Amino acid sequence: GFTSAKMISSNFINEAGRIQKCGRLHNPVGPNDGYYVSNLPGVGLEYSNQNGLSNVTSGRFLCSRLRWMQGDYIDDAGLYGIPGMGDDNGLIPGRHVRINVNNYMRDELNPDLWVNGPSIPGEGIYECAHRGSCIGPDVCTCTDGWDGYDCTTPLCRHEQPADGVIVGCLNGGTCVYKDQCRCIQVLSVLWKYHQPELERGLTGWGGTDCSMPICVQGYHDPECNMPFAPGGEGCYRCPNNGYCVAPDVCQCDEGWSGYDCQTPVCEMVVDPVTRFQLDTVDEEKVHAFEIDPCGLSNLYAPEWHNGAFHTRGNCTLPNQCTCLCKKSYNEKLCDYYGEKSDYCILPFQDPLFRYRNKLSPNVMYGTQDCWSGYEGYVNEEIDRFTSCHLTIYEPDYITKHSVSLLSWGCGLFILCVFIYCNIKRRMHRRFVHKKIERRRRRRPAEKNHNAHAFEYKRTDMEDTPEDDENDELKKL
């Protein structure tokens, strides 16, 4: 290299005494930008016959050019094999791209043997970028954060707090500058398969090291520290304590499911009592109940109610059912519509349950305000249903009014007995009166017929027929 500006040829010194890498007429970095181009028609940049004015072949001043053509158009001009013309073998015959480096390399089979590898065309390294230093022909030593033969390859180094491991750009990310990653992100397509109104943002990977999965159905939590996002910059969380473990993929907490962890899960293990209530020995039906104790959609067809089809219930929270109620008691509506409306009816409770059983295995008495619909097991701690497999009993008229009918029946029976006894007594009295009347009619005739001199005379202690009649009347 040159030790002072005085050693540099005058072709590269301008009128102000400053160095111009490509000469006075050919300086792309000077005040008059642009390569020198011949004024001859049809002569291009690389083939100008006046490029010698710029000394473009100078090893010291390369004019920011990486490739150019050299050699005779017909042959090697007799210079083939003469060292110093680009490589140790001289010029290649014909016009060709300059060979910059002799590609000597070790033999793969015999590492101690050096062989001539494929030629490498092009000018080669003319600059060590980002403040790198050229320490030898085509050899750069780069500053921190840069690598490559010309120090233009950025290095991305990110420490993961969990284990202290240094990583680059993960999950297909690209290192675009020193310690700066460009992560893979694309438009989410969840809305096409789930809800059209779902947010249509970018999904993929985020974070400085591209280790954080992004879920558009979730949200970023800067305080999160989970192995799914080891970069230590938080993570994306899904609703109901779920976590984003891959782009647009949520891992839900226990009791929740679905692409966005907003679908509650209701399950139940069947015991002998429940099996009896289901009234089946089919294990497939039992399993269908265990995985859907609220709706029982695989056991019973949906019912039409209020203009839509409904299952027996819905799973509204983990292991909490909202059972279908077709009709229920409502105090306010009862006052508004009157006592004869359906809103004034309370769930039936049999007052004669000790003496009769009106329930089949899959039927129960209503426990709340609903008197037509479905109920099931109840979680006593939270007072919520955990199943909807039992039908609320709706009594017929006789069952519903059994007590009233019995009361009226007993009263009517007593009244009938009273009336019967009175009628019977009156009839008996009439019969006795008639009997006495007959006796009175017969007595005068008998007296006249039986009268004689030796007639028996009754004493005062003996009863007369009139006394007998009076006694019979007293009995009545």
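This text follows the structure it describes.
Asker: So what about the overall build of the protein chain? Which residues, and what values?
Answerer: Each helix and strand in the protein chain was counted, giving 7 helices and 33 strands. For the protein chain, the proportion of its 476 residues judged to be buried stands at 31%. Within the protein chain, residue pairs in contact and separated by at least 24 positions form 38% of the contacts whose partners lie at least 6 positions apart. With the model as given, the accessible surface of the protein chain reaches about 32000 Å², and the carbon-plus-sulfur share is 54%.

Asker: Explain unusual backbone geometry to me, and be specific about the residues and the numbers.
Answerer: Positive phi is not limited to glycine here, since Leu296 has a value of about 50 degrees. Tracing the chain through its elements places Leu296 in the loop between helix 3 (283-291) and strand 24 (303-305). Phi at Asp383 takes a positive value of approximately 55 degrees, unusual for a residue other than glycine. Among the secondary structure elements, Asp383 is positioned in the loop between strand 31 (378-379) and strand 32 (384-385).

Asker: Tell me about a nonpolar patch on the surface, residues and numbers included.
Answerer: Taken together, the side chains of Leu412, Leu415, Phe418, Ile419, Ile423 and Met427 make up a nonpolar region of the molecular surface, amounting to roughly 610 Å² of accessible area. For Leu415, the position within the fold is in helix 6 (residues 402-450).

Asker: Which residues make up the packing of aromatic side chains, and what are the values?
Answerer: In this structure the tally under the stated criterion is 8 aromatic pairs. Ring geometry for Tyr336 and Tyr337: centres 4.9 Å apart, planes at 85 degrees, overall edge-to-face. Among the aromatic residues, those joined into a cluster by ring pairs are Tyr336, Tyr337 and Tyr343. In this structure, Arg200 is placed above the aromatic ring of Trp191, and the distance from its NZ or CZ to the ring centre is 3.6 Å. When the ring centre of Tyr300 is taken as reference, the NZ or CZ atom of Arg312 above it lies at 3.7 Å.

Asker: Can you tell me about the environment of Tyr73, naming the residues and giving the values?
Answerer: Mapped onto the secondary structure, Tyr73 falls in the loop between strand 1 (69-70) and strand 2 (96-97). For the pair formed by Tyr73 and Arg95, sequence separation is 22 residues and the distance between their alpha carbons is 4.9 Å.

Asker: I'd love a proper account of the side chain of Ser387, names of residues and values included.
Answerer: The residue Ser387 is located in the loop between strand 32 and strand 33 (390-392) in this model. A distance of 3.0 Å separates the side chain of Ser387 from the backbone nitrogen of Tyr377, its partner in a polar contact. The residues touching Ser387, leaving out its near neighbours within four places in the chain, are Met268, Phe289, Pro293, Cys321, Cys323, Glu375, Gly376 and Tyr377.

Asker: Can you lay out the pattern of salt bridges for me, pointing to particular residues and giving the numbers?
Answerer: For the coordinates displayed, the defined rule picks out 8 salt bridges. Between Asp179 and Arg157 there is a salt bridge, and its shortest N-O distance comes to 3.1 Å. With Asp179 in the loop between strand 13 (174-177) and strand 14 (180-182) and Arg157 in the loop between strand 10 (153-154) and strand 11 (158-159), this residue pair connects regions lying 22 residues apart in the sequence. Using a relative accessible area of 28% as the deciding quantity, one classes Asp179 as partly exposed. Residue classification places Arg157 among the partly exposed positions, given a relative accessible area of 33%.

Asker: Any details on the state of the cysteines? Residues and values, ideally.
Answerer: Per the counting criterion, the structure on display carries 13 disulfides. Between Cys156 and Cys175 runs a disulfide, and the two sulfur atoms are separated by 2.0 Å. Between Cys156 and Cys175 the sulfur-sulfur dihedral comes to about 90 degrees; the bridge is accordingly right-handed. On the criterion of sequence distance, the pair formed by Cys156 in the loop between strand 10 and strand 11 and Cys175 in strand 13 is long-range, its members being 19 residues apart. The residue that forms a disulfide with Cys183 is Cys210, at a sulfur-sulfur distance of 2.0 Å.

Asker: Residues and numbers for helix 3, please.
Answerer: Among all positions in helix 3, only Val286, Ala288 and Phe289 are buried. Taken around the axis of helix 3, the buried residues stretch over an arc of 160 degrees, which confines them to a single face. Residues of helix 3 that are buried in the fold lie against helix 2 (272-278). Put simply, Asp282 is the residue that caps the front of helix 3, since its side-chain oxygen is 3.0 Å from the backbone nitrogen of Glu284.

Conventions used here
Position numbers for residues start from 1 in each chain and track the written sequence from start to end. Reporting in this predicted model follows two pLDDT cut-offs: at least 70 for local features of residues, and 80 or more for side-chain atom pairs to be given and counted; totals over whole chains, interfaces and linings ignore these cut-offs and use all residues. Side-chain numbers come from the whole structure's heavy atoms, not from hydrogens or water. Secondary structure counts use DSSP, requiring at least four H or I residues in a row for a helix and at least two E residues in a row for a strand, with both numbered from the N terminus. Each residue's exposure class comes from its accessible area (1.4 Å probe, protein chains only) as a fraction of the maximum for that residue type: buried when under 20%, exposed when over 50%, partly exposed otherwise. Contacts are assigned to residue pairs with any non-hydrogen atoms lying within 4.5 Å of each other. What sets the accessible areas is the Shrake-Rupley method with a 1.4 Å probe; for residues, cover comes only from the shown protein chains. Without a salt bridge and with relative accessible area above 30%, a residue can belong to a patch; like charges are then joined within 9 Å and nonpolar side chains (Val, Leu, Ile, Met, Phe, Trp, Tyr) within 5 Å. Here, a salt bridge means any side-chain nitrogen of Lys or Arg that lies within 4 Å of a carboxyl oxygen of Asp or Glu. Any two of the Phe, Tyr and Trp rings considered here, Trp counted by its six-membered ring, make a pair once their centres fall within 6.5 Å; the pair's planes then place it as stacked at under 30 degrees, edge-to-face at over 60, or tilted in between. A positively charged side chain is recorded as over a ring if its NZ (Lys) or CZ (Arg) lies within 6 Å of the ring centre. The angle to the ring normal must also be within 35 degrees. In protein, a polar contact requires one atom able to donate a hydrogen and another able to accept it; more generally it is a pair of N or O atoms within 3.5 Å, and residues adjacent in sequence count only if both atoms are side-chain atoms. Pairs of cysteine sulfur atoms within 2.5 Å are identified as disulfides in what follows. Here, the arc refers to the directions that run from the helix axis to the C-beta atoms.

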